[in-house]
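One-letter residues, chain by chain:
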Amino acid sequence: GQNIDQPTEMTATEGAIVQINCTYQTSGFNGLFWYQQHAGEAPTFLSYNVLDGLEEKGRFSSFLSRSKGYSYLLLKELQMKDSASYLCAVRDAAAGNKLTFGGGTRVLVKP
Amino acid sequence: IAGITQAPTSQILAAGRRMTLRCTQDMRHNAMYWYRQDLGLGLRLIHYSNTAGTTGKGEVPDGYSVSRANTDDFPLTLASAVPSQTSVYFCASSDLAGGINEQFFGPGTRLTVL
């Protein structure tokens, strides 16, 4: 099976930077996804990593280290609208390339 | 507007009743998925289908069944609902033909079983 861990909750100030960590254990790693989910809404795709390194998309960046089973999502210049849950999900080729999700990290941005 | 629709938006159901949650996508994606989301447990896969005519079991399939008669529709049926099936249900789809195969999610169905 897979084990995906991420912090339950984080609080940060508007304009600041927050880093959400995700650690995983999987037998057939085939990509890691980050999704954003606002309260009462559907998850929406944010970023994807399959090779080691940093992927940057505007204010959001995601990093992957396959040897360490570790990823992080970096949110820069935080805005109030960034208050949401952030879900880490790992795709496992040994499990038919299905996604397994972590429990999500709720980020609260304060003025 | 392209995307995934789910119906109903919410439902309160008596235990023992049969219920079908509907999911339709118009993106011609070959793969579709059903998840349930419970507080503290994240999204858990119930059933999936990689192409029309085939289905597979996910992490928590017991008490649920699915069918995939065509590309667009993927209904989820609770044959005899129980209170532990109270949850928010999300349908998703992805294109397995190429790219990174990210999943696109529907708006969800909030189900309460009493």
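Residues numbered from 1 in each chain as written. Chains lettered and ligands numbered in written order. Predicted model: local features only at pLDDT ≥ 70, side-chain atom pairs only at ≥ 80, totals over all residues. Heavy atoms only, no water.

It is worth spelling out the sheet that holds strand β7 (residues 64–66) of chain B at this point. Hydrogen bonds between backbone atoms are what pair the strands of a sheet, whose relative direction is either parallel or antiparallel. All names here are of chain B. On the basis of which strands lie adjacent, the open sheet formed by 4 strands has the order β1-β3-β8-β7 and antiparallel pairing. Taken across any chain shown, the strands that pair with only one partner, and hence form the sheet edges, are β1 (4–7) and β7. Strand-to-strand twist in this sheet, taken as the mean axis angle between neighbours without regard to direction, amounts to 20°. Here strand β3 (residues 19–25) pairs with strand β8 (residues 76–78) via 3 bridges, running antiparallel. The partner of T20 across the bridge, within β8, is T77. (Pairing = 2+ DSSP bridges. Helix = DSSP H or I, 4+ residues; strand = E, 2+ residues; numbered from the N terminus. Axes fitted to C-alpha atoms, helices over the stretch in contact; angles between N-to-C directions.)

To continue, consider the nonpolar core. Nonpolar side chains tend to gather and get buried jointly when the protein is soluble and globular. All names here are of chain A. Residues I20, L32, W34, L73, L75 and Y86 are the most contacted members of the largest nonpolar core, which totals 20 residues. Sorting the residues of this core by element identifies β3 (18–25), β4 (29–37), β7 (60–65), β8 (70–75), β9 (84–92) and β11 (105–110) as the ones contributing at least two each. The contact partners of Y86, leaving out residues within four places of it in the chain, are Q6, I20, W34, Y35, Q36, L46, F60, L73, L75, G104, T105 and V107. (Core = buried A, V, L, I, M, F, W, Y, C linked by side-chain atoms within 4.5 Å. Buried < 20%, exposed > 50% of the residue type's maximum accessible area, 1.4 Å probe, protein only. Contact = heavy atoms within 4.5 Å.)

Next up on the list: the interface of chain B and chain A. If you look at the interface, chain B gives 16 residues, while chain A gives 15 residues. On the chain B side of the contact with chain A, L43(B), I100(B) and F105(B) bury the most area, a combined 37% of that side's loss. Linking chain B with chain A are 0 salt bridges, by the criterion used here. Run the count over chain B and chain A and you get 3 residue pairs in polar contact (both at pLDDT 80 or more). At the level of elements, β4 (31–38) and β5 (42–49) of chain B are the ones that each hand at least two residues to the side of chain B that touches chain A. For the side of chain B that touches chain A, the leading source of residues is β5(B), giving 4 residues. (Buried area = accessible area lost by both parts, 1.4 Å probe. Salt bridge = Lys/Arg side-chain N within 4 Å of Asp/Glu carboxyl O. Polar contact = N/O pair within 3.5 Å; in protein donor to acceptor, adjacent residues only side chain to side chain.)

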